[in-house]
Each structure stands twice: as structure tokens, then as C-alpha cells.
Amino acid sequence: GKGLMLAPIFEQKEIPDFLIHRCINKGLLLFWLLWEKNAIRISPPLNITKEEILKGCQIIRETLDEIWMIVNTFVEKNKLLSQMYLLFFNNFRI
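Read on for a plain summary of the structure. These numbers were taken from a predicted model, which means no experiment stands behind them. (Residues numbered from 1 in each chain as written. Predicted model: local features only at pLDDT ≥ 70, side-chain atom pairs only at ≥ 80, totals over all residues. Heavy atoms only, no water.)

Concerning the overall build of the chain
Applied cut-off: To qualify as a helix, a DSSP run of H or I must reach at least 4 residues; to qualify as a strand, a run of E must reach at least 2; elements of each kind are numbered from the N terminus. Contacts are assigned to residue pairs with any non-hydrogen atoms lying within 4.5 Å of each other. Here the Shrake-Rupley method, with its probe set to 1.4 Å, supplies the accessible areas, and only the displayed protein chains count as covering residues.
When its secondary structure is counted, the chain shows 2 helices and 2 strands. Each helix and strand of the chain, ordered N terminal to C terminal, gives the series α-β-β-α. Excluding contacts between residues fewer than 6 apart, the proportion of contacts in the chain whose partners are at least 24 apart in sequence is 65%. Surface accessibility of the chain: about 7,800 Å² in total, with carbon and sulfur atoms responsible for 64%.

Here it is as C-alpha cells:
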């Protein structure tokens, strides 16, 4: 039948959880794909307007950017901690 459903799949299952909750808080209704924990279900009505599509895409993009910033911040902090750990233990002698 006719439909506009999309189901992007992500590598980590935490991303869809965060994305769905954040988008709902911003006014965009998304769902989990039933059996695939790494996917989200985007299923707009057939009578959606171009403006609504653009707004929904904007919300998803902003939320994905937030996720990207959080992941990068976490990775950079872990790199720094790893460097500090190595410096400490390379200079520490028993």
C-alpha cells in the first residue's frame, strides 16, 4: 500500500532511544521499529505538508547534532583521561 514510512538503522541502540525521546520533547512523534532495537520508525501521514516535512527534518537534524556533540565530548574526555593515566603510570615507579 501507499505510505511514507522510513526506518533508519543506527549502529548503537542508545542512539534511537535518545533520538526518539528528545524529538518527542521537541514536538516530533517518532517510534521504535518493532523488532529492531537499533532503528527508529518515521511514519508521517500521507497528507503531510512540505513545511511539516521540513520542520520534522530540522528537529531530527538538530537532535542528531546534539548526539554528535555528546559523543564527541565523551570521546575527547576519555582521550584526555587516557593520556593522563599513561602520564601518571609512566612516571610512577615502585
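Read on, since the account is not over.
A closer look at the pattern of salt bridges
Worth spelling out the cut-off: Salt bridges are counted wherever a side-chain nitrogen of Lys or Arg sits within 4 Å of a carboxyl oxygen of Asp or Glu. Only protein chains enter the calculation, and the probe is 1.4 Å; a residue is then buried if its accessible area is under 20% of its type maximum, exposed if over 50%, and partly exposed in between.
For the structure on display, the rule yields 3 salt bridges. One salt bridge in this structure joins glutamate 66 and arginine 22, with 2.7 Å as the shortest N-O distance. Taken together, the positions of glutamate 66 in helix H2 (residues 50–91) and arginine 22 in helix H1 (residues 14–25) put the pair 44 residues apart, joining distant regions of the chain. By relative accessible area, which is 24% here, glutamate 66 ends up partly exposed. Via salt bridges that share partners, Arg22, Lys26 and Glu66 belong to a single interconnected network.

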